[in-house]
Amino acid sequence: MMKKEVLIFTVFILLVECKNVINFNDTKDEKNLDLLSELIKEITDPCPELCQNGGVCVATENDVMCICTPPYFGKTCSEDPCTRNPCHNGGKCQIERDGFVCLCKSPYRGENCTLDPCLPNPCENDGKCKISGNGFNCTCKNPYYGDTCEFGPCEPNPCKNGGECEQDGESFNCSCESPFTGRTCEKSPCSLNPCQNDGKCSLTNDLDFKCTCNEPFSGKTCEKGPCTPNPCKNGGHCKASGNGTKCLCPNAFFGEYCEQDLCSKMPCKNNGTCIIEGSDFKCECKSPFIGKICEKDLCSSNPCKNDGICKLDGSNFKCECKPPYSGKECENGPCSSNPCLNNGGCKVEGNTFRCKCVPPFAGKHCESGPCLSNPCFNNGKCRVTGLNFKCECQPPYQGKQCEMRNNTEPDISTTTTTDSTIIRNITYQNITELTHSYNWTSSESTIFTSDENATTATERNSTNGLMSTTLEEGKLKSFPGVVLQ
């Protein structure tokens, strides 16, 4: 029995060794191996059909066993590396030599298709990865950004000129190398260009700056030149021009060296003081002069009216008025108080005035008119209308002169004047007020005045006519509408 087992083991070793040297891509070698396997089976196989996939069955002391050819394994050589499907996420297992290869579905990868675009996490700085189609997206934490959250406050480095960036929360700080300064180390001794007159600034090895000056300038900052010291006055700016200089003067100044200004020609009259003010000048005038250049005084506008003559009087003025005018500005004259009434026009004539009256008014002051004698009786109000008058009567009176009472007999009521005796309500027959008795009949309102006591009378009777009566010891004046009986 031992000899048989040794023989089988030897054949097995031979079979394994042959498989290690056989080229499986060579069809001839593969056929030879199959023939060898069949030969071994015929010699040694105590249990035909038990071992699968080319496995060889051998008898042991108490049992039989299968000796499997790679890559098969198991009790009956029925299993291979793909039997338990080691490929995850839908990957397809394929036997290759003594092992297997997984054909992974996108986007999975790895030996067993266990890796995806988010494994390992491609998102840097604690970014969160999420599969998107065949790729991934990163959700970045502040202050990071980029496809894989690779950028932050210090990436790329914002610090210039060799400065080191240090993250500070969501921002950054730069540690600058000398002589650089600034938030991002962007400033250097040349940043503000200390070189004057178009000089060029450069840094030296000792971290200082150096100015390369254009002719004819010199000095550490090219400050020395034809304009040193500045020949321009009054704030003028000196500029080199060839081998000479040119002064750029501020407003109000002029001349080769800005030595002249708007006050140089003394524009202020009457001893006014000239002062430069911005780009213009200002004259401070002595009293009583005024104006832009003190050219005016209090008499310049001729404040004296009516041909009065203006003369300066210290810091004031005085008017010499022609007769008949007076006042500070000769404003007062005969017509100043408007002596002409009723819209009459006043005109100065000589030293007095004359009124030009508007009809129907007349008199020196246009005071005479249709209403002057108050022709309206019984408290009627007289109003001038055109060239005549109109009475506004108080009820119950009416008529042209308010002489009628309810369209009946005349009823006259007047007031007493200084030298007259007024007979009121002449509706009775006997009048005894005038020494003797007379019988009167009045058909219209009549005013009677007595210069003195009357004793005799002559009469002219008429209806609505005029009546004059001469008394022996006096005169009786009558107005229209009285009949004496």
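Refer to the structure presented above.
So, how was this worked out
Residues numbered from 1 in each chain as written. Predicted model: local features only at pLDDT ≥ 70, side-chain atom pairs only at ≥ 80, totals over all residues. Heavy atoms only, no water. Helix = DSSP H or I, 4+ residues; strand = E, 2+ residues; numbered from the N terminus. Buried < 20%, exposed > 50% of the residue type's maximum accessible area, 1.4 Å probe, protein only. Contact = heavy atoms within 4.5 Å. Phe/Tyr/Trp six-rings, centres within 6.5 Å; stacked < 30°, edge-to-face > 60°. Lys NZ or Arg CZ within 6 Å of the ring centre and 35° of its normal. Salt bridge = Lys/Arg side-chain N within 4 Å of Asp/Glu carboxyl O.

Trainee: In this structure, what is going on with the side chain of Thr148? I would like to understand it.
Mentor: You can see Thr148 is positioned in the loop between strand E6 (135–139) and strand E7 (164–168). Its relative accessible area of 19% is what places Thr148 among the buried residues. Once you skip the residues sitting within four places of it in the chain, Thr148 turns out to touch Pro122, Cys123, Glu124, Phe136 and Cys138.

Trainee: What is the right way to look at the packing of aromatic side chains in this model?
Mentor: Any two aromatic rings considered together are summarised by their centre-to-centre distance and by the angle between their planes. Evaluation of the coordinates by the stated rule reveals one aromatic pair. Over the face of the ring belonging to Phe172 we find Arg183, whose NZ or CZ atom lies 4.4 Å from the ring centre. A cation sits over an aromatic face here: Lys292 above Phe281, 4.6 Å from the ring centre.

Trainee: Explain the side chain of Asn378 here, please?
Mentor: Within the fold, Asn378 resides in the loop between strand E20 (352–356) and strand E21 (381–385). Among the residues examined, Asn378 registers a relative accessible area of 4% and is labelled buried.

Trainee: Would you explain unusual backbone geometry in this entry?
Mentor: Negative phi values dominate among residues other than glycine, just as trans dominates among peptide bonds. In this structure, Pro324 follows Pro323 across a cis peptide bond, with omega equal to 5°. For Pro324, the position within the fold is in the loop between strand E18 (316–320) and strand E19 (345–349). Following Pro359, the chain continues to Pro360 via a peptide bond in cis, the omega torsion being 10°. With a phi angle near 65°, Asp307 is a residue other than glycine that sits in the positive phi range. As for its position among the elements, Asp307 is in the loop between strand E16 (280–284) and strand E17 (309–313). Using a relative accessible area of 60% as the deciding quantity, one classes Asp307 as exposed. You will see that Asn343, though not glycine, has its phi angle at about 65°, which is positive. Given a relative accessible area of 74%, Asn343 falls into the exposed group.

Trainee: Is there a simple way to think about the pattern of salt bridges in this case?
Mentor: Where charged atoms from two side chains of opposite charge come close, those side chains can pair. The tally for this structure, following the rule as stated, stands at seven salt bridges. Asp280 is paired through a salt bridge with Lys292; the nearest N and O atoms lie 3.3 Å apart. Residue Asp280 is located in strand E16, and its partner Lys292 is located in the loop between E16 and E17; the two are separated by twelve residues in the primary sequence. Overall, the relative accessible area of 46% leaves Lys292 in the partly exposed class.

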